[in-house]
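# Overview (structure and organization)
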Amino acid sequence: MKLVIVGSVALDTLATPAGAVKRALGGAATHAAVAASFFTDKLGIVGVVGDDFPAAFPKLLRSRKIDLGGLSQVTGKTFHWKGRYEGDMAVAKTLHTELGVFAGFDPVLPAAYRSAPFVFCGNIVPEIQSKVLDQASRSSFKVLDTMNLWIATKKKALLNAIKRVDAVVLNDQEIRQLTGVHSLILAAKALLKAGPRFVLLKRGEHGASLISKNEYFHLPAFPTEKVRDPTGAGDSFAGGLIGSLTAAGRVDKGTLRRAMASGIVMSSFQVEDFSLWRTVKLKRPEIENRLKRLRAMTSF
C-alpha cells in the first residue's frame, strides 16, 4: 500500500440554497480517498460503517480502485450528519449528529497498510489519531487534520499528535484557536514550533497557504462558477494534496507546490455538486486542464 487514509465514512443529510440530499455518501476519509484516487493507486481507507450502509457505496469506492481492507462493517448505525448551508455557504449549521458505530471507532491498520510511505489522519479524536500513528511506519510522511471541537476539548492530546506528524491541515479559525495568535503567519510559525515541518492552511474561497520554517507559498482558489455543496471541500483538498505527493514518491519544494495545486483543483470540483456526484464523474483530462489554467493564473 502506498497511501493510507483514516477517518470517518458517513451518511450526510443536508440542504443548501441549491437543493438537498438525504443519507448521501460522505465523511472525511471518503472525500479524501476519492480525491487522492485520481493521482495514485494502492490506496487504502480505514474506517467503520454500520449494517445500514448501502451496498452501492462500497462498490462506488472500489470503482475508484480504493482498497477497503481497512473498512469495517459492524452491527449498528453508520455515522450520520445532518446540516444546512445558507447565504454564501461559508459555514454549515449542524442540525443533528448521530455518531452510531463511529463512537467506538478504534482503527487497526491491516498489515499491508503499516509500511505505507504516506498516511493521512482525517478529522477524528486526537487520541485515535495517535493510535494510528503508533501503527504507521516511522519513515512515512504523515499529514493530520483536525477541527475546532478537538482544539477546545482535547488540546493537549491534539498537540501530542501534532508533534508526531510532518504536516498539519487547518483553516484560519482553527489555527487561531489552537495557537491564540491572530496573525495567520505568526500563528503558523508558532505551530511549527510544536513539531510539524509544514502547516497547510485551507482558506476556502481565498485558496490555500503552505508555511514552513523558511518558506511561505500561497495559491488562490480556482474560480468555480457553480457551487452547490461545499461539504467535503477541505477533505478533497487534503486528499488531492497527499495523493499527488504519493504519486511523486517524494516530498520537496516542487512536489509540495504541485500537490497544493492538485488539492485546490480537486476541491473546486467537489463543490460543484452534492456528495461525490461530480467527483466520481471526473476524467483525468479535466483535472489536468484546471491545473493548467491555475498555473496560467498564477504565473507572471
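Our subject in this report is the structure included herewith.

Parameters at a glance
- Counting starts from 1 at the beginning of each chain's written sequence and moves along it residue by residue.
- Whole-chain, interface and lining totals are the exception, using all residues; otherwise, since this is a predicted model, local features are given only for residues with pLDDT of at least 70 and side-chain atom pairs are given and counted only at 80 or more.
- The basis for every side-chain value is the complete set of non-hydrogen atoms in the structure, without hydrogens or water.
- Pairing between two strands is assigned when DSSP locates at least 2 bridges connecting them.
- Note on conventions: DSSP H or I runs of at least 4 residues are helices, E runs of at least 2 residues are strands, and numbering of each starts at the N terminus.
- Any carboxyl oxygen of Asp or Glu that lies within 4 Å of a side-chain nitrogen of Lys or Arg is treated as forming a salt bridge with it.
- Note on classification: 1.4 Å probe, protein chains only; a residue is buried when its accessible area is under 20% of the maximum for its type, exposed when over 50%, partly exposed between these limits.
- Here, nonpolar core refers to any group of buried Ala, Val, Leu, Ile, Met, Phe, Trp, Tyr and Cys residues whose side-chain atoms link them within 4.5 Å.
- Two residues qualify as a contact provided that any one of their heavy atoms is within 4.5 Å of a heavy atom in the partner residue.
- Ring pairs are drawn from Phe, Tyr and Trp, using the six-membered ring of Trp, whenever the two centres fall within 6.5 Å, and their geometry is named by plane angle: stacked under 30 degrees, edge-to-face over 60, tilted for the rest.

To continue, consider the pairing of strand β3 (residues 19-26). Relative to β3, strand β2 (residues 10-16) runs antiparallel, the two sharing six bridges. Residue pairing in the sheet places D12 in a bridge with A24 of β3. What sits between β2 and β3 in their antiparallel hairpin is a turn of two residues.

This paragraph deals with the pattern of salt bridges. Enumeration according to the criterion identifies 17 salt bridges in this entry. K77 is paired through a salt bridge with E98; the nearest N and O atoms lie 4.0 Å apart. A residue pair is termed long-range when its members are at least 10 positions apart, and K77 in the loop between β5 (66-73) and β6 (80-85) and E98 in strand β7 (residues 92-98) qualify at 21 residues. Residue E98 is classed as partly exposed on the basis of its relative accessible area, which comes to 26%. Between K131 and D106 there is a salt bridge, and its shortest N-O distance comes to 3.4 Å. With a gap of 25 residues between them, K131 in helix α3 (residues 126-135) and D106 in the loop between β7 and β8 (118-121) connect regions that are remote in the sequence. Note on K131: relative accessible area 38%, which makes it partly exposed. Taken together, the shared-partner salt bridges connect E272, R278, E286 and R290 into one network.

Another point: the nonpolar core. With 53 residues, the main nonpolar core has I5, V9, I45, I66, M260 and I287 as its most contacted residues. Of all the elements, helix α9 (residues 253-270) adds the most residues to this core, at eight residues. For I66, the contacting residues outside a window of four places in its chain are A33, V34, S37, L43, I45 and L61. Counting 37 residues, the second largest nonpolar core, distinct from the first, contains A10, V46, I124 and A161.

Residues L3 and I5 of strand β1 (residues 3-6) are buried on one face, and the alternating residues V4 and V6, pointing to the opposite face, are buried as well. Here β1 pairs with strand β4 (residues 43-49) via four bridges, running parallel. Bridge pairing in β4 links L3 to L43. Pairing analysis gives four bridges linking β1 to β8, with the strands arranged parallel.

Right, let's get into the side chain of D172. Of note, D172 is situated in helix α6 (residues 172-179). Judged by relative accessible area, D172 falls into the buried class, the value being 18%.

Enumeration over the complete set of coordinates arrives at six aromatic pairs. Judged by centre distance (5.2 Å) and plane angle (10 degrees), the rings of F79 and F102 are stacked. Of the two residues, F79 sits in the loop between β5 and β6 while F102 sits in the loop between β7 and β8, which places them 23 residues apart along the sequence. For the pair formed by F79 and F102, the shared burial category is buried. Pairing F102 with F105 gives two aromatic rings, centres 5.4 Å apart and planes at 25 degrees, and the pair type is stacked. The pair formed by F102 and F105 is uniform in burial state, with each residue classed as buried. Put simply, the rings of F79, F102 and F105 touch in pairs and so form one group of aromatic residues.

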